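Chain by chain, the residues:
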Amino acid sequence: MIKDNLLITLVSCIFFMGLVAWISWRKTRGSVDSKDGYFLAGRGLSSVFIAGSLLLTNLSAEQLIGLNGSAYGYNLSSMAWEVTAAVATIAMALIFLPRYLAGAFTTLPEFLNDRFDADVRRMSVVLFMLGYGLVTIPSVLYSGSIAVMQLFNVPEMLGIGYFPALVTTVVAIGLIGSVYAIFGGLKAVAVSDTINGIGLLIIGILVPVLGLIALGEGSFGDGMTKLVNDHPSKLNAIGNADDPTPFGTLFTGMLFANLFYWCTNQYVIQRTLGAASLAEGQKGVLFSGFFKVLVPFMMMVPGVIAFHLYGPGLGSIDQAYPRLIRDVMPVYLAGFFLAVLLGAVFSSFNSLLNSAATLFCLDVYGPWRKGKASDQDLVRIAKIASVVIALFSFVVAPLLYFAEQGLWQIIRIFTGFYNIPTVVIVIVGLFTRRVPALGAKIVIVFHVIAYGLLRFVFDEVITLHFLHQYAILFVVEVAIMLTLGYLRPRETAWKFTLNAKVDLTPWRFARPLAATLFSCVIALYLLFSNVGLASGDGLSSLFYTLLLSLILANLIYWAWAAKPPVRTVSI
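The subject of this paragraph is the overall build of the protein. For the protein, the helix and strand inventory stands at 24 helices and 0 strands. For 571 residues, the compact-globule estimate of 2.2 N^0.38 gives 25 Å, and the protein sits close to it at 24 Å. The principal-axis extents of the C-alpha atoms in the protein amount to approximately 70 × 60 × 55 Å. Sorting the 571 residues of the protein into buried and exposed places 56% on the buried side. Once local pairs closer than 6 in sequence are excluded, the contacts in the protein between residues at least 24 apart make up 85%. A total of about 23900 Å² of accessible surface is found on the protein, and carbon and sulfur atoms cover 67% of it. The positive charge centre, built from 36 side chains, and the negative charge centre, built from 29, are 13 Å apart in the protein.

A word on the packing of aromatic side chains. The full count for this structure, using the stated rule, is 27 aromatic pairs. Ring geometry for F247 versus F251: centroids 5.4 Å apart, planes at 80°, classification edge-to-face. Aromatic side chains Y451 and Y470 sit 6.2 Å apart centroid to centroid with 40° between the ring planes, which places their arrangement in the tilted category. One end of the pair, Y451, is in helix 21 (residues 437-457); the other, Y470, is in helix 22 (residues 466-487), with 19 residues separating them in the sequence. Assigned by exposure class, Y451 and Y470 land together as buried.

With that out of the way, let us pick up helix 3 (residues 47-58). When the terminal C-alpha atoms of helix 3 are compared, their 16 Å separation across 12 residues agrees well with the 16 Å that a helix rising 1.5 Å per residue should span. Summarising burial for helix 3: 10 of the 12 residues are buried, a large majority. All of the buried residues in helix 3 are S47, I50, A51, G52, S53, L54, L55, L56, T57 and N58.

Positive phi is not limited to glycine here, since A104 has a value of about 55°. Secondary-structure assignment places A104 in the loop between helix 6 (85-102) and helix 7 (108-115). Unlike most non-glycine residues, E217 shows phi in positive territory, near 55°. Mapped onto the fold, E217 is located in the loop between helix 10 (162-215) and helix 11 (220-229).

Next up on the list: helix 12 (residues 253-264). Under the 1.5 Å per step criterion, the end-to-end length of helix 12 is 15 Å for 12 residues, consistent within 8% with the ideal 16 Å. Buried within helix 12 we find G253, M254, F256, A257, N258, L259, F260, Y261, W262, C263 and T264.

Okay, the side chain of T84 next. With respect to the helices, strands and loops of the structure, T84 is situated in the loop between helix 5 (80-83) and helix 6. Within the structure, T84 has its side chain in polar contact with the backbone oxygen of A80 (distance 2.4 Å). Sequence-distant contacts of T84, defined by excluding residues within four places in its chain, comprise M79, L250, M254, N258 and Y525.

Calculation notes
Residues numbered from 1 in each chain as written. Predicted model: local features only at pLDDT ≥ 70, side-chain atom pairs only at ≥ 80, totals over all residues. Heavy atoms only, no water. Helix = DSSP H or I, 4+ residues; strand = E, 2+ residues; numbered from the N terminus. Rg over C-alpha atoms; globule rule 2.2 N^0.38 Å. Buried < 20%, exposed > 50% of the residue type's maximum accessible area, 1.4 Å probe, protein only. Contact = heavy atoms within 4.5 Å. Areas by Shrake-Rupley, 256 points an atom, 1.4 Å probe, with all protein chains shown as cover. Lys, Arg positive; Asp, Glu negative; His and termini not counted. Charge placed at Lys NZ, Arg CZ, Asp CG, Glu CD. Phe/Tyr/Trp six-rings, centres within 6.5 Å; stacked < 30°, edge-to-face > 60°. Expected span 1.5 Å × (residues − 1). Polar contact = N/O pair within 3.5 Å; in protein donor to acceptor, adjacent residues only side chain to side chain.

Put into structure tokens, the structure is as follows:
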């Protein structure tokens, strides 16, 4: 029976993965020979592919395992990392994206070169490449492989030891994921991400439904009643100082961490830079924000269900989701789930690989050739760079096994070396005209030194939450750049050069939809708080009053926005 189940799982998994690969191949034939075709999908991505790719690029195995584990072990406070990202998508759609597309930038360092100088461009490339190559890409491969091994017991399946199974899984996932990035470019990544994203949404809805049925011993309604009434504190998203994500951090470093990720991180924003128009880009980015609002229901509520089913007795909080999947997922859906899980891992991996190759080709190789490299040369070098980076990650990823307890700490620490200075430089660069390149260079050097001291030298003395440290460093570094702009301003004010290659007409409903998205974030925190489900006494009258106020405000705003624009006739 076990062999039969395994065969069904593997065959169905291969079928679904093959279907995704075939559709991606059909959609990308003959469209990846030029520079824009390979790196920006020919600047022709629609809102559906942008939203789907953003969703899968951001969500991977570590979220499935980690967020559910956090909900199992603590409460819903860690949903802040996902839900508040919706606010950053609003900033991307309304503030950053119009400027990026107006300049027809392919990479963020290209914008920094235009705003400051070539040295700032090179320094930013070094930060991104070191972050991607040494930590981010290997950690995505490693965490994805661990998730697959936990959920499907790969060592027993293959009859080999744990570490050889880990290496095998890393290489298998890496090889398949590399195919999309190396041969299909950004468009293949976006198409495959969108299809896998549909699968992730199906699984994301199915798992909590099946979990509630199991919790209610066959009754969905009884399961929902137990979820809401038993241990209501598990449904509290307002984290205190002892929780993984204190509520106060939402208004300090969390804001800047999300701004970096959604507005300035190359491997995330690259699919928005390939938008067919500003309107399509805004739609895609905002739709992805609504998906982020759904994450607590898909990737944290199952962890709470696991706590109700198994109690606090699991060996590790990271065992909560794998245990729930093994218990509630029907055998005939196991292959589909494995395909979706692998698709989520592939997405993050091949997006990182594609973006690292893009940075190398357009911000290192291209400038080195002084613009003499043809599109064919750039695409060829990108494929070679992707192979080299992939092979390097195959070596580094399994080595993280020997620092397993420190994996998440390594990721957190290293990201902190380049996220805040990048946000500072981009924001100051966009909204000032006289701040010189010297300010950007000083900020990069200052941040690396200051952050290194905070994390490695004074970490036992300065116990302030690292997200609050982000906020303090942000303020200090903005002050440094503005001071340099006052004391040593540019001789000539920087002037943005319009070089649009797509229609820059904004989407008419971008602002009202952004307001609705922001309202959904507020409503979600009201729902998962002491005025909502976490009270244990049901939804309070205050909750209904505040919710109705939000709905009324949205209806008024939408009614105003829906009015046709007034047309004036010039004589």
